Every structure is written in C-alpha cells, then in structure tokens.
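Residue-level structural notes
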Amino acid sequence: MRRIISARLLPQNRTCHELGIKAVAVYSEVDRASLHVLKADEAHHIGAAAASESYLDIRKIIDVAKRTGAQAIHPGYGFLSENAKFAQTCAEAGVKFIGPNAAAMELMGSKTRARQQMEKAGVPCVPGTSRGLESFGQAERVAEEIGYPLMLKAAAGGGGKGMRLVRSREELKPALESAKSEALRAFGDSEVYVEKLIANPRHIEVQVLADEHGNVVHLGERECSIQRRHQKVLEEAPSPIVDEQMRRRMGEVAVRVAKAAGYTNAGTVEFLVDEARKFYFLEMNTRLQVEHPVTELVTGLDLVHLQIRIAAGEKLPFAQEDVHIRGYAIECRIYAEDPDNNYFPSPGKISLLLTPDGPGIRHDSGMYEGWTVPIDYDPLLAKLIGYGSDRAQAVSRLRRALDEYLVGGIKTNISLFRRILGDQDFQAGKPDTGYLDRLLHTTQVSSGDQHADAAAIAAGIFATLDSASATANGVAGDRPAVATASTWKQAARIDGLRQ
Amino acid sequence: MIYDVSIENTNYRLELNRTTTGWTCSLNGRPVQLDVALIRPGVLSLLIENQAYEVKREKVGSEIHLWVGNQRYTAELRDPRSLRNLKDGAGRQQGSSRLTAPLPGKVVRLLVNEKDQVAGEGSPFAGERKRPGRGRPGGCGCGSHEDAERDQVPQERHSAEAHSRRGHQCERRRRASDCGMNRARAGSL
C-alpha cells in the first residue's frame, strides 16, 4: 500500500509513516488545525463541521480516495467505522476497507441476528430472545419465563440508547414503548429484544485478530467495567478477576464468535460476567477499540500495524501459542468535560498543556497547547496509559502521571481518575459496571489543605510577575507582548493621560 | 507588594518583596524562607523552607486555579492598597460588571441594544446572571449570529447609578482615543 486515508485519528498516521505509507487525512472545517491533519502527508477538506456533511458522508470520502489514489481507508473508531454500507462502497470502489467485510459487519450490527448466529455456534448468550419483540403480549410472556428484572435492548443499539431496565411487570409496557421509540430515533430501527438482567456484572471483552486466510487468534481480555452512562471511562488489561483458565475459555469462545461471523481484521468480542464468573456473549465490535493500547502494552503487539498488514493480504505473523500476556496496563480516557457540572462537555482553547512521561507511561494524544477543542465531536482529548509489571505498579505509575498532568483553559475529567485510582475498591480490583455511579454518589473526602500556604504564596508571586511583565510590556499579565505593538493604542493612552 | 489572598475561603495576608538576590516573604506576619524559579509561563517552582513545590496556574474563565501536586485551589487575590479594590469592595452594585458566556456557541439574538434600560429582573442574557440588577448595556462584545467563546464578554453593563459618572469618563476616553488615533495617523503620514 502507498496511501491510506484516515479521519480524526493520529495512531493511523504514525503507523503509516512507520510502514513507509503516505497518510492522507480528511477533515471538516473545524478540524483544520487538528493534530491528525498537522501530522498527515496530505490533507483534504471534506465539508462542514456537522458529521453528516463530512465524516459521515461516504461519497466525499470515496471521492478523496479516488482523487489521491489511496489504496485503503482506515475508519478508526466512531463515524463510519461500523457502517456496513461504507465497507461495501469501499469494496465496490476498489478501495480496501481496513476492517471486516460488509457481511460480517451487518451480521454483528444487528444484535438479534448476532445472537441467533452465536446460539447456532454454541456460544453462551444471556437468557432472553434472539428476535425482536413483536407485541406487548409476547414481551409479557417472555418476561414471565425469564423473570424480572430484565433489560430491553435495541437490536441496532449501542451506547445505552434504546436500552431500558425493567424491574417489574408494571414497568414493562412504558419501558417497551420508550425503548422502541428511542431506538427508532437513534438508529432508524425500532426492533427491541429482551435479556435477563445480570446483577452486578462485569464488562470484559476479548481482542481478536483474524487474517484473510482463516487464521484467528485472541490477544487476551480487557476489563471495561468502569463506565458512566454505559460509556467506558477506564479500561485495563488483564482483568483482575480472569485467571489463565478463564482467559483460555473466553478466548476460545471469542475465536469461535469471529469464525462464526466470517470475521477478518481486528475485532472485539464483549462479554458480561456474573458474580459467579460465568460469562455470556454480549456483542461484537467490528472495529478497533479506543482502549486497544492496553492490549498493545501487555502483548507487545502493534494492532494498527497488524490491521494494515492483514488488509494487505498478509497472514498473521504469529500463532495463538506465541501470544503472551505480560504485566498490567490501565487506560484513562481524558475528556474535555466538566466534573463539577455533571460532566458536561467543556470545549475551548487549551492555554497550558503539561503532559506526563517517565517509566511505564504512554500518552496517546490528539491535542496541543493553543488548540481549540471543537464542540462538534466527542470531546476525547487523549488516552493516558500506565503500565507496570503488576497491577499495583501500573496504578501507582498512573497516579504519579496524573499528578503531573495539566490541561489548562478547559475543564477535564483528570480529577475523576485521581479519585478512582485512589479508591480502595478499585485498588482491590472489585469494580463492576455499577461501581462508578456508586462512587460518584459518595461524598468526596477532602484531601486536606496541606499545600494551601504554598498556593497563597504562589498566587502572590504570579501576580507580582504579571505586574512586572505588564509594566515591561505595557499590557496586563498574560496577554501577548505583540498586543503592545499597536502605536494607535499607545498614542491614545498617552494622550488620554495628559488630559 | 502586599496582597490579601483567599485560598478556598481561607484568607492570608502576604507580603512579597523582590530583592537583587531573590525574594523576601511573610505570610500572615510570619517570615518565610522562599526561593522562586519561573519554569515557564504558568508554572513555578517554589522552595518554601526548603520544601519543593511545583505550582501550575490555569485560568478558567474569570477564575484562577492553582495546582500544587494533585490538589487544586481556587485563588482570589486583592491588593489592599488598590483604590479600585476599595471602590469595588464599597459597592458591588455600582460600576461596570461583565456578563460572560457560560459556554461557547452562536449568539442567536441580542435582546438589548447599547444604552437600553434594563429592568431589575430582566436579564439581557437569560440565565447568565441570576440577579442582573438595574443598568444599561455599555457595549456588546459580539453581535447577533456571531460565535461566542466560553467566558467571552458579550456585554459590559454599567449600573444606572454609575452611568452618569462613568459617562463623563467614557466620553473623555473616546476623545482621547480619537485624538491618539488622529495623531498616530498624522505621524504615519
């Protein structure tokens, strides 16, 4: 391959450069100054900020591929990464889609169809229906069979949309109606199915890689139970509750899932694990996951690199027995959001950026000082990953790194990670999917004010330095010296003082 | 310099002096041995009684946050000898105040014009100021359909009481500015 197109992702650009491939970025009007554009070999504007007019516009992206002679498109995550129609259009245009084929994506895109296929392949699924509910009467009958509490889920769903918890018979009808309505609005498909609620589950996923020659391997699991509103916040590999035997069993099932779907390239098989450590197939994500760096760190493999080689038709360069898990890795998703305002997005200009480094720290970032975080997209700024020979070391390295980290000018969720990593339940490896909600409902104990004196002195020194700088430059504090260059303003001020 | 510093609602009286060899400092009347290095804009290294601190400053809107280690402090600082502070302390309802945009976005419509009279409970920017007080807009920092950054000042408000007093100053400033501009123009020609 000589040219690959990517959207809003830096790792693909870096890997392309390592492989001697030209990286072609596509960007919307608000992303001109984004890092993925700055680090690309070529960049092409594809439209307005609204994703529907740029990153979700299949025709525009294919046009760029044809114009630039790109041989492949890496869809990254989000946008069109799990869109079977896009994969199909790429194939028809003679451009390689770096991911699975459209048929596998379509199968896994429908949770009910995926369940049907997995049941045929003998994969354990959560008790429930494998087809959409056709009527309220059917929903009532199924609910009586499997028992309350239960979950209603959208067949085309994801991210918690079209999902409802039903605790009793009385709640079933309104929940079914609202789930259907939300699913229709979000996905254009009102199909809803039912699953037994697994109490206090863990969300554990297995990374798989499949080449186009029938070879499929798994790369161990990731623990993704720490979630807020069904969105992952912190991930780690390996899971604190998965031992070697359980890893092997989950891995075998994940490989079976990939084979049953005719899957190729990188994918993730998600499981719910109950309190007895029994696991059930949940769904398959047919793309690279945001949290893939933790798997890279514990396996020593470069997943984007392998994705490109698989897409180029190469065989997997290793077998299952060559995959070894070594050490622990934990990832924090750094978002531009305001912890004091219910994690509302906090876009704006980054005025100061201090990033951590040192042993065992990896910082995958899409930001830089002076960049303005747009309001138009998911406000993920960076991923901070800590690695250690054991979990305690990974935690302590990450806590140290968080103390060194500062993103000024906007609000971020960095303080949330300090809280999680300092929590005893987290350190004991106990969190389930309800952990973060419980933590956020507890009052945070103040860590004291032992540094308040230093803060008071620093406040005075900053003010004194600002004042000295203003005197030297003729302007206040942090404003750039270039602002003083206006002869018009200086003359006006002097004249004003004379009157 | 003498400052009244408030850190998380605890007040300090801070005296700082810059000498040829460094800084002298006293905190609440207690002398403090201090060494300071400015590492980069917004980042200080402090040695206080030989204890090392890295202090990072970030400005979020009108607030100043100071990070010492993993602890964040909200700081407010006043010069007790400053006439402006004395005036502000005497009556917050008087003088001009700034209404800022809480989030970035597009200004869809301006509800007031410059010099309009604003009723006590009728905010020109709904929800941005709980008790806007009486007054009239002194100037708008953005127009209808323009993008506003977070904490951009879309409007400066002059209180009714202060307006007549400030009006004189505004006029004087305007004349000064015009004269300066004319002079600079003349100079450049």
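Note that the coordinates shown come from a computational prediction; the quantities given were computed from them, not determined experimentally. (Residues numbered from 1 in each chain as written. Chains lettered and ligands numbered in written order. Predicted model: local features only at pLDDT ≥ 70, side-chain atom pairs only at ≥ 80, totals over all residues.)

Some remarks on the domain arrangement of chain A
Here the domain parsing of chain A yields domain 1 (3–98), domain 2 (127–196) and domain 3 (452–498). The C-alpha centroid of domain 2 of chain A is placed 36 Å from the C-alpha centroid of domain 1 of chain A. (Domains from an automatic or database assignment.)

Focus: unusual backbone geometry
Cis peptide bonds are those with omega within 30 degrees of zero, and the linkage from A:Tyr148 to A:Pro149 qualifies with -5°. Here A:Pro149 is to be found in the loop between α7 (136–146) and β6 (150–154). In the Ramachandran plot, B:Glu8 falls in the positive-phi region, its phi being about 50° despite a non-glycine side chain. Among the structural elements, B:Glu8 can be located in the loop between β1 (2–7) and β2 (10–18). Here B:Glu8 falls in the partly exposed class, since 14 other C-beta atoms lie within 10 Å of it. Positive phi, close to 70°, is recorded for B:Asn50, a residue that is not glycine. Along the chain, the position of B:Asn50 falls in the loop between β6 (43–48) and β7 (51–60). (Helix = DSSP H or I, 4+ residues; strand = E, 2+ residues; numbered from the N terminus. Buried ≥ 20, exposed ≤ 12 C-beta atoms within 10 Å, placed from the backbone.)

Points about the pairing of strand β9 (residues 202–210) of chain A
All names here are of chain A. Among the 9 residues in β9, 9 count as buried, and that is most of the element. Of the two faces of β9, the one holding Arg202, Ile204, Val206, Val208 and Ala210 and the one holding His203, Glu205, Gln207 and Leu209 are both buried throughout. When β9 meets strand β12 (residues 265–273), the two strands line up antiparallel, connected through 9 bridges. Pairing of Arg202 across the sheet is with Val273, part of β12. Judged from the 6 bridges that link them, β9 and strand β10 (residues 216–228) form a sheet pairing that is antiparallel. If you follow Glu205 over to β10, its bridge partner there is Arg222. The antiparallel pairing of β9 with β10 creates a hairpin that spans 5 residues between the two strands, and Gly214 there sits at a positive phi of about 90°. (Pairing = 2+ DSSP bridges.)

A word on the sheet that holds strand β19 (residues 361–365) of chain A
Residue and element names in this part refer to chain A. One open sheet holds the 8 strands; their spatial order is β13-β12-β9-β10-β11-β14-β21-β19, and the pairing between them is antiparallel. In this open sheet, the two edge strands, each paired with only one partner strand, are β13 (279–285) and β19. Across the sheet, the mean angle separating the axes of adjacent strands is 25° when strand polarity is ignored. In this sheet, β13 lies alongside β12 in antiparallel orientation, the contact comprising 6 bridges. Across the sheet, the residue bridging to Leu272 is Tyr280, located in β13. (Axes fitted to C-alpha atoms, helices over the stretch in contact; angles between N-to-C directions.)

A closer look at the pairing of β2(B)
Side-chain positions along a regular strand alternate between the two faces of the sheet. All names here are of chain B. Here β1 pairs with β2 via 6 bridges, running antiparallel. Opposite Ile7, over in β2, you have Thr10 as the bridge partner. Between the end of β1 and the start of β2, which pair antiparallel, lie 2 residues, with Glu8 showing a positive phi angle near 50°. Following β2, the chain reverses through 4 residues before pairing antiparallel with strand β3 (residues 23–27); Gly22 in that reversal takes a positive phi of roughly 160°.

Considerations on the sheet that holds strand β7 (residues 164–166) of chain A
All names here are of chain A. Strand order across the open sheet formed by 3 strands is β7-β6-β8, with antiparallel pairing between neighbours. Looking at which strands have only one partner, the edges of the open sheet turn out to be β7 and β8 (192–196). Strand after strand, the sheet turns through a mean of 30° between neighbouring axes, direction not considered. Where β6 meets β8, 5 bridges bridge the pair, whose relative direction is antiparallel. Directly across from Lys153, in β8, lies its bridge partner Tyr193.

Quick look at the nonpolar core
Grouped burial of nonpolar side chains is what soluble globular proteins tend to show. In this structure, A:Ile4, A:Ile73, A:Ala254, A:Val257 and A:Phe271 are the most contacted members of the largest nonpolar core, which totals 73 residues. Not counting the four nearest positions on each side in its chain, A:Phe271 is found in contact with A:Ile204, A:Glu205, A:Met250, A:Phe279, A:Tyr280, A:Phe281 and A:Leu282. The next biggest cluster of nonpolar side chains, apart from the first, holds 65 residues, and it includes A:Cys332, A:Tyr405, A:Ala463 and B:Val36. (Core = buried A, V, L, I, M, F, W, Y, C linked by C-beta atoms within 7 Å. Contact = placed C-beta atoms within 7 Å.)

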